[in-house]
Amino acid sequence: TLETRRGACGTSLITPAGRLYVRNNLPPPDVAIVANPDAWTVAVEGVRQPRTLSVGELKSLGIETVAAVLQCSGNGRGYFPSKPSGTKWQVGAAGCVIWSGVPVRQVVAALGGLAEGARFITGTGGEQLPAGVDPKSVVVERSVPLKELDTALLAWEMNGEPVPHAHGGPLRLVVPGYSGVNNIKYVKRLAFTPVETDARIQSTGYRMTPPGTKGDPSFPAVWEMDVKSWVNGPAPENGPVKAGWVQIHGVAMGGTRALRRVDVSVDGGQTWHEARFVGPDLGRFAWRQFVLPMRLEPGEYMVTSRAQDTRFNWQEEVTPDNGGGFLNSGWRAHAIPLVVA
Ligand SMILES: Nc1nc2c(c(=O)[nH]1)N[C@H]1C(S)=C(S)[C@@H](COP(=O)(O)O)O[C@H]1N2
Ligand SMILES: [Mo]
């Protein structure tokens, strides 16, 4: 796993491939698969005319582009007090990227429509599974509700280039607004299924459980992301800043909804000041940058931010701890110290 440093998120909107976190649950397929992306194939099932399609063929079915936050379900896990097992991500298991590909609904239409009883979109990763273990215990296979047909893409391009191998090229299932694990890299099978997959990563993994509890299908699946924001700079790793005007900046995202506002506090959440969104608004699935210039005297500050979506939901102050350490969006835990000299 590779995490982006807080101060390296930059002040422009899009996260370049070279700065985007990388997370693999299994050894990835050979890099040779991206040499000829159009030759990669995906088997589509659960439609009236099931068929295997190459990326080259998919490109003739439709094209759409979406800017979306890609964020590991465990981003922020390192801030939970119970220290759940798993990578202790802080903020850097996230980025905002532009995907281009064919809308899944157009693939469905080209194959005669959905088969009867379809309720989930199930994507399967193209990794070679280790021998001698139950495939269901390791395969990266996830199901999301069928309603995501409206926005899901089979993407072959990221930030204007073929999807890099590290990020799931030649073809990735992108479910905008859904946390990282639901965005299947090197997708080799796309199925419209009546039930969720029984792969372990879905049935017991990535469930919202009480701390210390193992997951099972009775607990909610880790799907949609919540409204969240954090301050990226001035980053503590860059040391003290000079007294005077300080540019406090960060990113805010609405999960599946657009944002209304974001506030910044320099006193650990006692008082708040509305920050200004800057830069282009690339839609409800992208993050927005914000900035608040503040005149600060020498001293020690605790800087944090809280975002609100267009349905007036505020970012949580504290996200309740959960067994897997998922979806931490609490603004208190994401505060960073700032020394003004
Ligand atoms: N095929 C496949 N897809 C996958 C994974 C994987 O291991 N294999 N990891 C998931 C997880 S947990 C995350 S957070 C994201 C990471 O995407 P990235 O490496 O492009 O940042 O991919 C998801 N999709
Ligand atoms: Mo993840």
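For the structure, check the block above.
(A) Here's a closer look at the sheet that holds strand β12 (residues 244-253). Pairing is antiparallel in the open sheet, where four strands are placed in the order β11-β12-β16-β15. For this open sheet the edge positions go to β11 (228-233) and β15 (276-278), each flanked by a neighbour on one side alone. Taking the axes of each pair of neighbouring strands and ignoring which way they run, one obtains an average angle of 35° across the sheet. Pairing of β15 with strand β16 (residues 287-296) involves three bridges; the strand directions are antiparallel. When the sheet's bridge partners are listed, R276 is paired in β16 with V291.

(B) Highlighting the site of ligand 1. Taken together, the neighbourhood of ligand 1 is formed by 20 residues, with Y21, N25, E127, H167 and K185 sitting nearest. One of the backbone N or O atoms of N25 is found 2.7 Å from an oxygen atom in ligand 1. Relative to its unbound accessible area of 540 Å², ligand 1 is 100% covered by the protein chains. For the shell around ligand 1, the residue count by class is 10 nonpolar, six polar and four charged.

(C) A look at the pairing of strand β2 (residues 51-54). With four bridges connecting them, strand β1 (residues 41-45) and β2 associate as antiparallel partners. For T41, the partnering residue across the bridge sits in β2 and is S54. Following β1, the chain reverses through five residues before pairing antiparallel with β2; G46 in that reversal takes a positive phi of roughly 80°.

(D) Structural context of unusual backbone geometry. Look at the link from G169 to P170: it is a cis peptide, with omega at 10°. On the secondary structure map, P170 appears in the loop between β8 (161-162) and β9 (172-174). The step from G233 to P234 runs through a cis peptide bond, and the omega angle for that step is 0°. Here P234 lies in the loop between β11 and β12. Here Y206, not a glycine, exhibits a phi torsion of approximately 50°, which is positive. Assignment of secondary structure puts Y206 in the loop between α4 (200-203) and β11.

(E) Expanded view of the nonpolar core. Ranked by internal contacts, the top residues of the largest apolar core, which has 43 residues, are L58, V104, L154, L171, L173 and F192. The contact partners of V104, leaving out residues within four places of it in the chain, are L149, A152, L153, L154, L173, L190 and F192. Counting 21 residues, the second largest nonpolar core, distinct from the first, contains V227, L259, V264 and L338.

(F) How the structure looks around the pattern of salt bridges. Inspection of the entire model under this criterion finds 17 salt bridges. Residue R105 pairs with E64 through a salt bridge whose shortest N-O separation is 3.2 Å. Residue R105 is found in helix α2 (residues 104-110), and its partner E64 is found in strand β3 (residues 64-71); the two are separated by 41 residues along the sequence. Owing to a relative accessible area of 32%, R105 belongs among the partly exposed residues under this scheme. Residues K147 and E224 are paired through a salt bridge, measuring 3.2 Å at the closest nitrogen-oxygen approach. Taken as a pair, K147 in the loop between β6 (141-145) and β7 (153-158) and E224 in the loop between α4 and β11 lie far apart in primary sequence, 77 residues in all. With a relative accessible area of 31%, E224 lands in the partly exposed category. The structure contains a network of salt bridges with shared partners spanning E45, K136, E141, R189 and D198.

(G) Looking closely at the pairing of β7. Of all the six residues making up β7, five are buried; the element is thus mostly covered by neighbouring parts of the structure. Pairing analysis gives five bridges linking strand β4 (residues 94-103) to β7, with the strands arranged antiparallel. Residue pairing across strands places S100 opposite E157, the latter belonging to β7. In the sheet, β7 pairs with β8 via two bridges, with the strands oriented antiparallel. Within β8, the position partnered with E157 by the bridge is P162. Linking β7 back to β8 in an antiparallel pair, the connection comprises two residues, with N159 at a positive phi of about 50°.

(H) Broad picture of the environment of P37. Looking at the secondary structure, you find P37 in the segment before β1. Considering only alpha carbons, one finds P37 and V251, 214 residues apart in sequence, at a separation of 33 Å. In this structure, P37 is in contact with V55 and P170, ignoring residues within four places of it in sequence.

Reading the values: the criteria
Residues numbered from 1 in each chain as written. Chains lettered and ligands numbered in written order. Predicted model: local features only at pLDDT ≥ 70, side-chain atom pairs only at ≥ 80, totals over all residues. Heavy atoms only, no water. Pairing = 2+ DSSP bridges. Helix = DSSP H or I, 4+ residues; strand = E, 2+ residues; numbered from the N terminus. Axes fitted to C-alpha atoms, helices over the stretch in contact; angles between N-to-C directions. Near = heavy atom within 4 Å. Polar contact = N/O pair within 3.5 Å; in protein donor to acceptor, adjacent residues only side chain to side chain. Areas by Shrake-Rupley, 256 points an atom, 1.4 Å probe, with all protein chains shown as cover. Nonpolar A, V, L, I, M, F, W, Y, C, P; charged D, E, K, R; others polar. Core = buried A, V, L, I, M, F, W, Y, C linked by side-chain atoms within 4.5 Å. Buried < 20%, exposed > 50% of the residue type's maximum accessible area, 1.4 Å probe, protein only. Contact = heavy atoms within 4.5 Å. Salt bridge = Lys/Arg side-chain N within 4 Å of Asp/Glu carboxyl O.

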